Amino acid sequence: MPSTATARINLTTSNLLPTLLSFLSNQKCPTSFNFNYLKKIHSLLITCNLSNCTFLLTNLLLHSYPPTSHANHFDLAYTSSLINQIGRPNTYLWNSMIQMFSSSSEPQMSLIFFARMRQDGVFPNKHTFPLLLKAFSRAKDENPFQVYAQIVKFGFNSDHFVQNSLVSAFANYGDIECAHQMFDEITLKDLITWTAMINGYLKIGHGMGALEVFVEMRSKGVKVDEVTIVSVLGGAGMVGDIWFGRWVHGFYVESGRVHWDVYVGSALVDMYSKCGNCDDARKVFEEMPCRNIVSWSALIAGCVQCYRFKDALLVFCDMLAEAVEPNQTTLTSVLTACAQLGALDQGRWVHKYIGTSKLKMNPTVGTALVDMYAKCGCIRLAFLVFENLPIKDVYIWTAMINGLAIHGDAANSLNLFSQMLSSDVRPNEVTLIGVLSACSHGGLVDEGRKLFGSMKHIYGLEPNVDHYGCMVDLLGRAGYLDEAVKLIENMPMEPTPGVWGALFGACMNHKAYELGEWVGKHLIKLQPHHSGRYALLANLYSKRCNWEAAAHIRKLMKESGLEKNPGCSWVELNGVVHEFFAFDELHRDSKSVYTILETIVVHSECANCISDMELFLHDIH
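About the criteria used
Residues numbered from 1 in each chain as written. Predicted model: local features only at pLDDT ≥ 70, side-chain atom pairs only at ≥ 80, totals over all residues. Heavy atoms only, no water. Helix = DSSP H or I, 4+ residues; strand = E, 2+ residues; numbered from the N terminus. Disulfide = S-S within 2.5 Å. Buried < 20%, exposed > 50% of the residue type's maximum accessible area, 1.4 Å probe, protein only. Core = buried A, V, L, I, M, F, W, Y, C linked by side-chain atoms within 4.5 Å. Expected span 1.5 Å × (residues − 1). Contact = heavy atoms within 4.5 Å. Polar contact = N/O pair within 3.5 Å; in protein donor to acceptor, adjacent residues only side chain to side chain. Axes fitted to C-alpha atoms, helices over the stretch in contact; angles between N-to-C directions. Parallel < 35°, antiparallel > 145°, perpendicular 65-115°, else oblique. Left-handed = near helix turned anticlockwise from the far one by under 90°. Nonpolar A, V, L, I, M, F, W, Y, C, P; charged D, E, K, R; others polar. Phe/Tyr/Trp six-rings, centres within 6.5 Å; stacked < 30°, edge-to-face > 60°. Lys NZ or Arg CZ within 6 Å of the ring centre and 35° of its normal. Patch = residues over 30% accessible without salt bridge, like charges linked within 9 Å, V, L, I, M, F, W, Y side chains within 5 Å. Areas by Shrake-Rupley, 256 points an atom, 1.4 Å probe, with all protein chains shown as cover. Salt bridge = Lys/Arg side-chain N within 4 Å of Asp/Glu carboxyl O.

Colleague: Please clarify how the environment of H552 should be interpreted in this entry.
Modeller: Mapping H552 onto the fold places it in helix α32 (residues 547-559). Along the chain, H552 and A538 lie 14 residues apart, while their C-alpha atoms are 8.4 Å from each other.

Colleague: Teacher, can you tell me more about the state of the cysteines here?
Modeller: In protein structure, a disulfide is the covalent linkage between the sulfur atoms of two cysteines. Scanning all chains against the criterion turns up zero disulfides. This cysteine, C439, is not joined by any disulfide, and C470 carries the nearest cysteine sulfur, 9.7 Å off. For C439, a relative accessible area of 1% translates into the label buried.

Colleague: Help me understand the nonpolar core, please; the structure alone is not making it clear to me.
Modeller: Side chains of nonpolar character tend, in soluble globular proteins, to be buried together. Counting 164 residues, the largest nonpolar core has I229, L268, M372 and L503 as its most contacted members. Among the elements that take part in this core, helix α29 (residues 497-509) stands out by supplying eight residues, more than any other.

Colleague: Even after reading the chapter, I still don't get helix α11 (residues 191-203), so can you show me in this structure?
Modeller: Structural remark: α-helix, 3.6 residues per turn; residues separated by three or four positions point the same way. Relative to the 18 Å expected for 13 residues at 1.5 Å per residue, α11 spans 18 Å between its end C-alpha atoms, a close match to the ideal helical length. By the burial criterion, the buried members of α11 are T193, W194, T195, A196, M197, I198, G200, Y201 and L202. Considering only its buried residues, α11 is in contact with α9 (160-173), α10 (176-185), α12 (207-219) and α13 (226-239). Taking the backbone nitrogen of I192 as reference, a side-chain oxygen 3.2 Å away marks D190 as the first, capping residue of α11. Looking at the residues trailing α11, positive phi occurs at G205, about 80 degrees.

Colleague: Please explain the packing of helix α24 (residues 410-422) against helix α25 (residues 429-442) as it appears in this structure.
Modeller: To characterise two packed helices, one gives the angle between the axes of the helices and the distance between these axes. Look at α24 against α25: their axes get within 8 Å of each other, and the N-to-C directions meet at 150 degrees. In terms of their interaxial angle, α24 and α25 are classed as roughly antiparallel. Here α24 and α25 pass one another in a crossing that is left-handed. Of α25, the residues touching α24 (which contributes A410, S413, L414, F417 and M420) are T431, L432, V435, A438, C439 and G442. Counted by class, the contact of α24 with α25 contains eight nonpolar, three polar and no charged residues.

Colleague: Which parts of the structure should I look at to understand unusual backbone geometry?
Modeller: If a residue is not glycine, its phi is most likely negative; likewise, a peptide bond is most likely trans. Backbone geometry at A323 places phi at a positive 60 degrees, although glycine is not the residue there. Tracing the sequence through the fold places A323 in the loop between α18 (309-321) and α19 (328-341). Assessed through its relative accessible area of 65%, A323 is described here as exposed. Although it is not a glycine, K511 adopts a positive phi angle of roughly 55 degrees. Assignment of secondary structure puts K511 in the loop between α29 and α30 (513-526). Assessed through its relative accessible area of 55%, K511 is described here as exposed.

Colleague: Help me understand the packing of aromatic side chains in this model?
Modeller: By the definition in use, this model includes 22 aromatic pairs. The interplanar angle of 80 degrees and the centroid separation of 5.9 Å between the aromatic rings of F123 and F154 together place this pair among those described as edge-to-face. With F123 in the loop between α6 (109-119) and α7 (128-138) and F154 in the loop between α8 (145-153) and α9, the pair connects residues that are 31 residues apart, well separated along the chain. Ring geometry for F316 and W349: centres 6.1 Å apart, planes at 70 degrees, overall edge-to-face. With F316 in helix α18 and W349 in helix α20 (residues 344-356), the pair connects residues that are 33 residues apart, well separated along the chain. Positioned above the aromatic ring of F123 is the side chain of R118, whose terminal nitrogen or guanidinium carbon lies 5.5 Å from the ring centre. Of note, R449 hangs over the ring of Y480, and the distance from its end group to the ring centre comes to 5.0 Å.

Colleague: Would you mind going over a nonpolar patch on the surface with me for this structure?
Modeller: Taken together, M208, M238 and V239 make up a surface patch of nonpolar side chains, about 230 Å² in accessible area. Here M238 lies in helix α13.

Colleague: Mind showing me how you'd approach the packing of α19 against helix α21 (residues 363-375) here?
Modeller: The N-to-C vectors of α19 and α21 enclose an angle of 15 degrees; their axes lie 8 Å apart at closest approach. Taken together, the axes of α19 and α21 are roughly parallel relative to one another. When the axes of α19 and α21 are compared, the crossing they make is left-handed. Of the residues in α21, those in contact with Q328, T332, L335, C338, A339 and Q340 of α19 are T364, V365, A368, L369, D371, M372 and K375.

Colleague: Sorry if this is basic, but what is going on with helix α5 (residues 91-102) here?
Modeller: Given a rise of 1.5 Å per residue, twelve residues ought to cover 16 Å, and the 16 Å separating the end C-alpha atoms of α5 matches this to within 8%. Taken across its twelve residues, α5 has ten buried, putting it largely inside the fold. Every buried residue of α5 is listed here: T91, L93, W94, N95, S96, M97, I98, M100, F101 and S102.

Colleague: Is there a simple way to think about the environment of Q163 in this case?
Modeller: Turning to its location among the elements, Q163 is positioned in helix α9. On a C-alpha basis, the gap between Q163 and I186 in space is 7.2 Å, while along the polypeptide they are 23 residues apart. Every residue in contact with Q163, bar those within four places of it in the chain, is listed here: N157, S158, M182 and I186.

Colleague: What's the story with the side chain of H467 in this structure? I'm lost.
Modeller: Within the secondary structure layout, H467 lies in helix α27 (residues 465-477). The residues touching H467, leaving out its near neighbours within four places in the chain, are E429, L432, I433, L436, F452, M455 and E462.

Structure (structure tokens):
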């Protein structure tokens, strides 16, 4: 006959078990609110002497696992402590833990639990490695080769699901050769296999490779689905192949071969935007059967990519009007638009929204905020945001360095660069462009030369055409035109029009008109359909009072059917962004603006503030 205590425990178990299991079955999405209830259940088990009941602890553990969309809302430390209280977890439970952490913010914990699983002598099954390899796909700098030997050891290297997971894991790690080798070894390639290979090429930024795999996939007669189409549209947008993207749109989406869901629609919006066709992106967006935050974010980002910054803010306002809450991706694009427009009031509103909402200030949003304040002229606010960010990656440091550079504060920009190096943050190519730009604005020629010369052997970065452009600008501003020309001649790559343009600007500043004339003619040869190149050379001739040559250049421009694109500027007043184009009098206050501008020009001329007044007036009219 059982003892009284045992009988009491059994009785308690029989009474609690149906109730607890019924409650747990309804806790499929443990947010911070109902996850506390799971902890209360655990406390109840302890007070009822059921803390060692493996059956109940296992159910409690399994029900603490959230869906992927809520994977960051559960207590990782608490959840991992539960498994320590279970005597001998089986393979199913270990797999559940691996799956739980592979979808969390700490995917590397899956590797630790796999190691513990093996230490306890528990053998993996065919479900273990696909779950574990998913963690490799999410974790940074984790090589899938760490477990490949285990896969071979247990004989799962020929398992179809494991092979597909290996292709995806190697591709996400950036080892496209190993991914392709594994892909080639798979005898029966299904839709998942092909899609994993396509995504692998997208991961390393090789859009053309992704499209080539897709073409081969079609030739094999493999039927595609919505996930594949989303990936293929991403590849078309990456390479800017709008015709391929339109063919996918018409052949698969419009024809109904794949379902036009919110993800396909968002991918179409993104593809058209990256191909520079914002109007088609907006049309697709308006025709979407359903829209979510991903769709809105794609359109706002598309407007920014197409330099339609004011439209981006208008779309953002429409999104808020429809009660769609923005996420970090949305706000990053909005802040970028504010930075380009100088829309400080709207940028401040976004900053305040981040502070009052539940959104976290991640590094991407922090970088966008620093950039926005810097470009809107509020360098102190930019630095305040920078200082308050708990985690500073290379992009945040770069944004702050660039911000100081554009404000002409070369000394503090270089000082911040030194602090960055002292913080063991490795600079990237954009960081060094910012530092070189600071040297250029500050006239720090020696510092710029030293940095440029040390890029490869100190920072491990090969100077690209943008770095050469910064050096040409630095040397040109300081008057070292011969050295700038020699640097261009010795470039290991073909100089871009931007590099030649920097030299042309230096020629104009230092009145080196003969060299400037040669550079101007060369720019026209490089870009015969660029109206601005003709205008620059014509202005040079005008500055030399060579009216005949200036007229000849403008005649060539006219005969080529080219028109100079009107200049555009934005002014924010009381939170409203006003847009002005040269020669455009559509704005209701245009007459007043031109009247004030002409008054400023007259007063400046009288005060001798503006030299070459005729050229200045020619440029603004």
